[in-house]
Structure formats: structure tokens, C-alpha cells
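# Structural description and commentary
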Amino acid sequence: MSAILGLSAFYHDSAAVLLQDGRIVAAAQEERFTRRKHDHHFPQHAVAYCLQEAGLTATDLDHVAFYDRPRAKFSRLIETFTAIAPRGFGTYAKALPLWMKSKLHLPREFDRALGGQYRGRYIFTDHHEAHAASAFFPSPFDEAAILTLDGAGEWSTATIGHGRGSRIALSREIRFPHSLGLLYSAFTYYTGFRVNSGEYKVMGLAPYGEPRFAAMIREHLIHIQDDGSFWMDQEYFNYCGGVTMTSDKFHRLFGAPPRDPESLLTQRDMDLAASVQAVCEEVMLKCARHAHALTKSRNLVMAGGVALNCVGNGRILREGPFENIWIQPAAGDAGGALGAAQIAWHHVLRQPRAAEAGDSLRGSYLGPSFSNEDIRHTLTARKAVYHRQDSESCLLDRVVELLLAGNVVGWFQGRMEFGPRALGGRSILGDPRSPKTQQVINVKIKFRESFRPFAPSVLREHCQEYFDLPHDADSPYMLLVAPVREEHRLPGSADRMSGLQGIDKLNVQRSSVPSVTHVDYSARIQTVTPEANGRYYRLIKRFYERSGCPMLVNTSFNIRGEPIVCTPDDALRCFLGTGMDALVIEDSLLLKPEQQALGDSDVAGYKRSFALD
Ligand SMILES: [Fe+2]
């Protein structure tokens, strides 16, 4: 049996993936184990987990594949510095020793990290080739157009390609420093959020604003062609050589310095978010149309960090020329580990793709799971009070009763998800019909800004009753946004919102499922099927039978700045440190009033242990 380890590391979102005879056996991000969000170090723990899941040691690995080519990236760094010198000298002087010491000697570093046990060779793939492979090979399509969009790989920042059978080929690229991902990150920085982390907050803020700066962005910052290619005026940016994303010229153009992180969000910030989102969607749509013109395919697959822009993805599905879209759930750099391993399997070893029903990520439940025995051991050791529910039916009844009574429930079941979204493996759940759920979860549990919307996990067969998802599409990975149908919107709610500014709109009840309806009546949907996650499906179905509502609020099981929980111990700490009312870990149910309350200093210490994102 052939074993291939795929790795991504040293930039952000390090991860490991293990393929056995081409089948994805395990995949996980390093942050889940180290509890450091977006951890960029060598994924030591993720590798150990993948090997353990497969019952292997590093000696048993046939190939190790890495998601980019360090020498090509280094040459990009040097060429960029040469072009802008002496500007950026400090940044480059700081980066160089790390390149000289380790990044240019990765085989040696990997040998060491794998304990000297691995005897095979290392395969290095182009960064965007890895993104493209991660998008096409696990997809349900035998043939598809491929679109990758991110910050930057070696030189590419966007590519268009085509996949058929066990081969992919990229035919178009946009090169650094012209980058849609970096444009979005520049506005993430400018609106006071953390780059490579807060981009989805900008997307969540956009519906509160008007895109009144979009024309200015198009005129000065980015020149977009009809085929989706673009050129960015670097005088407005500082990412080539500085420690900031935007330049003084950018700040002069928009009339103010960047917003201080954590300061009050203004209507102007919301308008900036709406503007960059509008420009981003325009480029995504044009790129998708060009990919269609080049390939004539009915299918599109996507990856790269920009493919996490589910609002843009939803527009491609609604307005673009493709009948089917599939987006790889770990679309950011974590997924590069998957793509690198698949390049090794299909291109280097020339192995065919196995026929699988649906996609081959199996719901993205590819991380660690824990036995009831392990869980009870942890709970007992931590002196937690729990109720063992031997029958699943009793467990589901109890959880549904708690949800119907307005409680917020931590839900920890099966294998952990690969990628940034919680999909019913490590989720926090609530009743979407209650107008209070959004605020309660944001303020009492997540400790974060209340403007952020939640996503619905909806029974696949009921999705169309509530949401206008074209072509009756699936959205198993919560990467498509679609409008709530008119019949579920509350009459007069648009008028009531029109007189309000910014976040005040959130207080207007907009639909029959207000906690999952954004102020523009959009929703970020996860469709749930019994094949992908049986127990989660049955829970939602039980909720539907009692309430007539076929969905739940689903948000990731963590607090602000914390990676999604991985172990029962992580889950228990989050449950005890927040206002969560109940916790289900496999067959064990915990109720908050029965637990020994944490002291204020313990709760404060828990919150402080994660840097704000
Ligand atoms: Fe990337």
C-alpha cells in the first residue's frame, strides 16, 4: 500500500494530509493541536495524528510532498527587493536569516522533523498547482474548469486551468504583486482587522455598507480587464517591502489612516468593506466567465484563500456560466497539503482517480475522533458532571428540548473537520427562529463583535423551501451564500432597516429564521445529508419534527481568537469558560447548572489565552 504525506507550512495554516493508495485517510491543521490560530510552524502534531490514524510511522511513508517551491518563492522575494530597494531593506534583512537557516533547506528540516525515519524523496509542487489539485481531484467531477485565487504563491496569485481524469493543467496566471487576495487583505488591514484572519469579517461587514468607494478602487487601485485579469498600482500598497499593507498614498486617497483595531466601527468602515467586496466579486465573476470561455466546461472547481469568499462563490453560481460548482473546504493554504499529496499520487506516480460517489472528502470529517471511554475518562478526571445517554434517540430528544427552550448547545461528534468551517463535528448550535440567538452566542459565548452573522445547517431536502440556491445546488461545506426566499422574509422589514445606520439594522427582525439571516437577507448555507453526517442529520430532522423548522444555527466551537476545539478537554474548557448552556460529547450530556462554576480569574485566564483575531 502506498502512503503519501502532504504538508503545508511556514506561512500560515500549516497542515498535514495522509493518502493511502490515493484515498484521503486523515487531514488536520496544526492550529487545532497547538491551540495557536493559523499556526505556521512545521505541522508536527498534525503529522503525528495522520500517521497514528493510518497506523503508520514515518518509516512507512513512500513519499512526502510539500505545497510550494521554496527556491522559486525566494527568487520572487529577491527580485521584488531588487526592484524596490532601498525601500523594504529592514523587512528583507529580517526575513533573510530564516530563509538561509531553514526555508531553503527544507529536506534537511523535514528529515529532522520526521525523526530521521523517512528514507524517501521529497516532492515540491507549485503553490497554485497544489491549490488546483486540491480543488479538482477530490471533486465529484470527471472534468472541470479550475480557478485558484489567493494572496500569493511563488509568483502566481491566480490561475485558470482544466482538469480531466487524473490530470490537471494550468493555462493562465496572474503574477505577484498583482493579487486579488492581497487587495482584499489591504482593506482588511485598513479597516482594522488582522490580515490572513479577518478577511471573513470584512465580508460579514459588507452587507451593512454601500459600495460608494468601489469606483475609486477601480479607478486608482486595480485596473480590471474583461477577462478578469488585472493590474494593481503598487504606489497605493506597501506589502512588497513594508510591514503594513497600505501606503500613505492609499490613506490620502481614502482620507484617513487605517482604523485602530477594536475601535468603534463606523458606517465608513462598512462602506469600505462593501466596496472591496463588490470589486472582489466583479473579478471573481470575470475570472469564472473567462475560465468557462477557455474550457467550455459545465463544472467549476475552486481553491485558494479567495475561494473562501462564499458571497462571491454564491454570485458565480447564480450569475456565472457554470451549472455546477465545487469548492474545496480547506480552500486556504491548509488545503495545499492535500493538493501536494494528490499531485504526487496522480502526476508523479501516474495513478488514476478512483470512482467515488460524490466528492472524496467525505464531508471533510478527516480529523481526530474520540471514544466514549476516552471522553468519560477526561470528564471524570476534570470532575465534570455528565449524563451518559446510551440511546441516540434519547440523546437527540434531550438536545432538541434544550434547543427549543432557547439553550445554546456545544455539539462534539465524530471526526474533526478539515478546513475553517465547523460542519457539525465541532459546532455550537442554537434555534434559528429566535431573534436572540445571534446576540447571545456572539456576546456570551464567542466574546466577539455582534455584527457577524451565523450560518444555518439545513436538511438538504428542505433547503429550497427557505433559500434560493440555484440549480438545486449542494452546499455541504458552507461555502455558498444564497438569499432567503421572499416568503420567509418579514413584510416591512426592508423598510424598517432602510432608515437605520450600520449595525442597528441587526435589531430588525428580518425573516422567520432571523439568527441566520444577514441584513441583506443572505445566508451562508450548509446543506446536511444522512450520508455525510448521520447523527447531525438526525438531530436536525428531530428538531424539524418538533418545530417545523428544518435547520439549526451552526457556528464553530471556539471563542474569539481560539482555533476550533479538537479534543474533549478543549471542548470542556470552552463550555465551562463561556455562557454555553449544555454540551454533548459523543454520548455524554453535560448541563451547565450542574457543573462547578469556574472562578472569574479562571474565565478571564481562558479568554486571555487566545490573541484577538
Ligand atoms: Fe495560497
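In short, a report on the structure. Quick caveat: nothing in here was measured; it's all calculated off a predicted structure. (Residues numbered from 1 in each chain as written. Predicted model: local features only at pLDDT ≥ 70, side-chain atom pairs only at ≥ 80, totals over all residues. Heavy atoms only, no water.)

Counting its regular elements, the chain contains 21 helices and 21 strands. When its C-alpha atoms are laid out on the principal axes, the chain stretches across 65 × 60 × 50 Å. Scored against the burial criterion, the 613 residues of the chain give a buried share of 60%. Across the chain, the fraction of contacts at a sequence separation of at least 24, relative to all contacts at a separation of at least 6, is 72%. For the chain, the exposed area adds up to about 23,200 Å²; of that, 52% sits on carbon and sulfur atoms. (Helix = DSSP H or I, 4+ residues; strand = E, 2+ residues; numbered from the N terminus. Buried < 20%, exposed > 50% of the residue type's maximum accessible area, 1.4 Å probe, protein only. Contact = heavy atoms within 4.5 Å. Areas by Shrake-Rupley, 256 points an atom, 1.4 Å probe, with all protein chains shown as cover.)

With that settled, the discussion passes to the pairing of strand S18 (residues 522-528). Counting buried residues in S18 gives 6 out of 7 residues, a clear majority hidden from the surface. Pairing geometry for strand S17 (residues 480-483) and S18, over 4 bridges, is antiparallel. Of the residues in S18, the one forming a bridge with Val481 is Arg524. (Pairing = 2+ DSSP bridges.)

In space, the 5 strands of this open sheet follow the order S8-S7-S6-S11-S12, with mixed pairing throughout. Strands at the two margins of the open sheet, each flanked by one partner only, are strand S8 (167-175) and strand S12 (324-327). Neighbour to neighbour, the strand axes of the sheet diverge by 20° on average, direction disregarded. The sheet contact formed by strand S6 (residues 143-149) and strand S7 (residues 156-164) spans 7 bridges and is antiparallel. (Axes fitted to C-alpha atoms, helices over the stretch in contact; angles between N-to-C directions.)

Let us now look at the environment of Phe467. With respect to the helices, strands and loops of the structure, Phe467 is situated in the loop between helix H17 (463-466) and S17. With 238 residues separating them in the primary sequence, Phe467 and Ser229 have C-alpha atoms 32 Å apart. In contact with Phe467, other than residues within four places in its own chain, are Pro456, Val458, Pro483, Val484, Arg485, Ala523, Ile525 and Met551.

Next up on the list: a nonpolar patch on the surface. Together, Ile78, Leu96 and Met100 make up an exposed nonpolar region whose accessible area comes to about 240 Å². Judged by relative accessible area, Ile78 falls into the partly exposed class, the value being 34%. (Patch = residues over 30% accessible without salt bridge, like charges linked within 9 Å, V, L, I, M, F, W, Y side chains within 5 Å. Salt bridge = Lys/Arg side-chain N within 4 Å of Asp/Glu carboxyl O.)

Any pair of aromatic rings gets described here by the distance separating the centres and the angle formed by the planes. Counted by the stated rule, this structure contains 25 aromatic pairs. A ring pair is formed by Phe370 and Phe412, whose centres lie 6.1 Å apart and whose planes are at 50°; its orientation type is tilted. Of the two residues, Phe370 is situated in the loop between helix H13 (334-348) and helix H14 (372-381) and Phe412 in strand S14 (residues 409-412); the sequence distance between them amounts to 42 residues. The interplanar angle of 40° and the centroid separation of 6.2 Å between the aromatic rings of Tyr466 and Phe467 together place this pair among those described as tilted. Assigned by exposure class, Tyr466 and Phe467 land together as buried. Through pairs of rings, three or more aromatic residues link up here, namely Phe10, Phe42, Phe66, Tyr67, Phe110, Tyr118, Tyr122 and Phe124. Seen from the ring of Phe176, Arg76 lies directly overhead, with NZ or CZ sitting 4.3 Å from the centre. Lying across the ring of Phe136, Arg353 places its NZ or CZ 4.3 Å from the centre. (Phe/Tyr/Trp six-rings, centres within 6.5 Å; stacked < 30°, edge-to-face > 60°. Lys NZ or Arg CZ within 6 Å of the ring centre and 35° of its normal.)

Below, the discussion takes up unusual backbone geometry. Among all residues save glycine, negative phi is the norm, and among peptide bonds the norm is trans. Here the bond from Phe176 into Pro177 is cis, since omega is 10°, no more than 30 degrees from zero. Along the polypeptide, Pro177 turns up in the loop between S8 and helix H7 (180-190). Despite not being glycine, Asp21 shows a phi value in the positive range, around 50°. Here Asp21 lies in the loop between strand S2 (15-20) and strand S3 (23-29). Residues other than glycine seldom take positive phi values, yet Arg35 does so here, at roughly 65°. Relative to the helices and strands, Arg35 is located in the loop between helix H1 (31-34) and helix H2 (44-54). Its relative accessible area of 14% is what places Arg35 among the buried residues.

It is worth spelling out the coordination of the iron ion at this point. Taken together, the protein donors to the iron ion comprise His127 (NE2), His131 (NE2), Asp150 (OD) and Asp333 (OD), at separations of 2.2 to 2.3 Å. Here the iron ion is ringed by 4 donor atoms whose angles at the metal span 89 to 169°, and the overall shape comes out irregular. We note that the donor set of the iron ion lies within a single chain, spaced as H-x3-H-x18-D-x182-D. Here His127 is found in helix H6 (residues 127-136), whereas its partner Asp333 is found in the loop between S12 and H13, with 206 residues between them in sequence. Under the relative-accessibility criterion, His127 is labelled buried at 1%. For Asp333, a relative accessible area of 5% translates into the label buried. (Donors = N, O, S within 2.8 Å, 3.2 Å for Na, K, Ca; no water. Tetrahedral: all angles 85-135°; square planar, octahedral: opposite > 155°, others 65-115°.)

With that settled, the discussion passes to the packing of helix H15 (residues 392-404) against helix H19 (residues 534-547). At a closest axis distance of 9 Å, the pairing of H15 and H19 adopts a crossing angle of 55°. Relative to H19, the element H15 is oriented oblique. Considering how the two elements wind past one another, H15 and H19 form a crossing that is right-handed. Together, Glu392, Ser393, Leu395, Leu396, Asp397, Val399, Val400, Glu401, Leu403 and Leu404 of H15 and Arg535, Arg538, Leu539, Arg542, Phe543, Arg546 and Ser547 of H19 make up the contact between the two elements. (Parallel < 35°, antiparallel > 145°, perpendicular 65-115°, else oblique. Left-handed = near helix turned anticlockwise from the far one by under 90°.)

Here the focus is the side chain of Asp150. Among the structural elements, Asp150 can be located in the loop between S6 and S7. Despite its burial, Asp150 remains without a salt bridge, the nearest opposite charge being carried by Lys73 at 7.9 Å. Among the polar contacts listed, one links the side chain of Asp150 to the side chain of His127, at a separation of 3.1 Å. (Lys, Arg positive; Asp, Glu negative; His and termini not counted. Polar contact = N/O pair within 3.5 Å; in protein donor to acceptor, adjacent residues only side chain to side chain.)

Below, the discussion takes up the pattern of salt bridges. This model, assessed by the stated rule, comprises 33 salt bridges. The shortest N-O distance in the salt bridge between Arg175 and Glu173 comes to 2.9 Å. Residue class for Arg175 comes out partly exposed when judged on its relative accessible area of 39%. By relative accessible area, which is 39% here, Glu173 ends up partly exposed. Measuring nitrogen to oxygen at the nearest pair gives 2.5 Å for the salt bridge that ties Glu282 to Arg218. Here Arg218 lies in helix H9 (residues 214-221) and Glu282 lies in helix H11 (residues 267-295), a separation of 64 residues in the sequence. Put simply, Arg35, Arg382, Glu562, Asp569, Asp570 and Arg573 are held in one network by salt bridges that share partners.

What follows deals with the environment of Pro550. Here Pro550 lies in the loop between H19 and strand S19 (551-556). Distance in space between the C-alpha atoms of Pro550 and Arg448 is 27 Å, their sequence separation being 102 residues. With sequence-adjacent residues up to four places away left out, Pro550 is seen in contact with Ser457, Val458, Leu459, His462, Tyr466, Ile540 and Tyr544.

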